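Descriptive structure summary
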Amino acid sequence: MRTTTTDLRAMGGLYEATASVREPATPEELAALFQDAVARRRRLTLIGAQRSFGEHFLPPGDAEGVSTARLSGTTRLLSTEADGAIWVRAPGSLTFEALHREYPHHLPCHPPTGDRISLAGALVACAHNAVGFFAEEVRAFRLMTPDGAVHECHAAAPGLAGELFRLVPGSFGALGVILDLELRLFQVRERQRAEITVLEHGPTRGYAALERLETIYRSGEYPLGRGLFFFGRRGKSVLLGDRIVVPEPHHKAALLPLTDDATRRNIVAQGLANRVPGLVSPLQGLVLRRGRRFHAGLYGFTFFQRSYDRAYDYLASPAVLPRVLRALGIDPRLTVCHQTFAVPVEQRQSFLDLYFDVFDAYPELEARLEQQDLIRLPECAWPLHAAHGMPGGAYLFSVSMSVRRGQSHEARARTFLGEVSRRSFEEHGVKVMLLKQAHCEPALLRRMHAPFIETLSALKQRVDPHRVLTSRMLDALGL
């Protein structure tokens, strides 16, 4: 089994580690690695494709990393449905990018927005898009737990395998390694495009755009996605509605930025925006005019964060343009403080009022804003997701601020997000999402996610009694 010393770097640039990483190439090698870890009383952290924003795949100081990238296998077509959708069985280590190479005319319904995330990584994080949860499209998977057992997990499975099917989504690698899974892909027909329409563009005060978002969610309009963006501190709001269309040849629409294949151009634009984010908002306001329509290829629309995902590789390279950009002060890590909140539906306006009230005490951070967005998701069936138990679904509010590590505005952004986390939980039952960065006190995080910790800990005791699997995030949660 190959062992390397590897530099691990989270997306968002805030967190990193150097760790000894083991690389099993077969399930047998993985089982032997688990057995050896128990014997040596060593802890392990699954690092997967290393695409998390937070500390999910970073080992604590006394743990070794386990890369699942070499646990490859074959992808098989299982069946085709009447509408052209297909079911496939694919290795858990396969990325969405690699899956698309094998099935270029099909896409998953609710994947995360980066295409270099692994299928298993998306499932254990209970990832989502603007419409639903990735786990909804997974009907079965095989999981190796740290005791070396392989479980065939599906909804009707009896006993432990059935429990694992319900609780692996959102477990963040605490329960084992997904060897392969079965998922549904919908067919992308010739000339189909994503159409993105600016439905509202007006003042945030009064929350007219927010209430329209709730209305179109309930009506089922714009089934490809619905998103609300907030500019500044109670500035303007922009509501977008997305659907699939087959445009007529004479129908002209602008291309939505970041959804094309000009990856290097997009990386440069994102690098400049990250360096001086205050310059971007006025431009966005001019582009996103009410009633305007944009088109995008469905792959580019689905995985619109793929240029950000590749930014470090290019901006840290010795090529001339990246060297110039670094000289201008652009950090190749494109460092951000980023956090997502799960908001009960009935608390949507109260939460936003609180958020902006707190923001008023940190006016200097307005210049660091990259994005504030809100999406509306249906009720979550996955017990370990932060939105589980919120009747009628939840709103997910995300905020991202450009920072430079170690400088005062990073500390201020963390303090701001920590204050919002504490007050919104205590006053409105809002939870910090665990799949992104979490800027709040560990004690508050453990109190906020006590049901998650209790449920996961009980199941972990059965499949990982020696507590072999961990991570910095799981340690912070007391797991």
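See above for the structure.
Below: a short report on this structure. (Residues numbered from 1 in each chain as written. Predicted model: local features only at pLDDT ≥ 70, side-chain atom pairs only at ≥ 80, totals over all residues. Heavy atoms only, no water.)

Below, the discussion takes up the packing of helix α4 (residues 159-167) against helix α15 (residues 450-463). Think of two packed helices as two axes; the pair is described by the angle between the axes and how far apart they sit. The N-to-C vectors of α4 and α15 enclose an angle of 140°; their axes lie 12 Å apart at closest approach. If you check the angle between α4 and α15, you find them oblique. The two elements α4 and α15 cross, and the hand of that crossing is left-handed. On α15, the residues touching Leu160, Glu163, Leu164 and Leu167 of α4 are Thr455, Leu459, Arg462 and Val463. Residues of the contact of α4 with α15, tallied by class, amount to 5 nonpolar, 1 polar and 2 charged. (Axes fitted to C-alpha atoms, helices over the stretch in contact; angles between N-to-C directions. Helix = DSSP H or I, 4+ residues; strand = E, 2+ residues; numbered from the N terminus. Parallel < 35°, antiparallel > 145°, perpendicular 65-115°, else oblique. Left-handed = near helix turned anticlockwise from the far one by under 90°. Contact = heavy atoms within 4.5 Å. Nonpolar A, V, L, I, M, F, W, Y, C, P; charged D, E, K, R; others polar.)

Judged by pairing direction, the sheet is mixed, and its 4 strands sit side by side in the order β1-β2-β4-β3 without closing on themselves. The open sheet is flanked by β1 (2-9) and β3 (43-46), the only strands paired with a single partner. Along the sheet, successive strands turn relative to each other by an average axial angle of 40°, direction set aside. Taken together, the 2 bridges between strand β2 (residues 16-23) and strand β4 (residues 63-66) define a ladder with parallel strand orientation. When the sheet's bridge partners are listed, Val21 is paired in β4 with Gly65. Docked against the sheet, helix α1 (residues 27-40) engages β2, β3 and β4, running at close to 115° with respect to β2. (Pairing = 2+ DSSP bridges.)

Okay, unusual backbone geometry next. Look at Arg41: it is not a glycine, yet its phi comes out positive at around 55°. Note that Arg41 resides in the loop between α1 and β3. Classification of Arg41 by relative accessible area gives exposed; the value is 79%. (Buried < 20%, exposed > 50% of the residue type's maximum accessible area, 1.4 Å probe, protein only.)

Let us look at the pattern of salt bridges. Following the criterion strictly, the structure yields 43 salt bridges and no others. Where Arg405 meets Glu16, a salt bridge forms, and the shortest distance between an N and an O atom there is 3.3 Å. Remark: Glu16 occurs in strand β2 and Arg405 occurs in the loop between β18 (394-402) and α13 (408-428); sequence separation between them is 389 residues. Sharing partners across several salt bridges, the network here consists of Arg22, Asp36, Arg40, Arg42 and Glu64. (Salt bridge = Lys/Arg side-chain N within 4 Å of Asp/Glu carboxyl O.)

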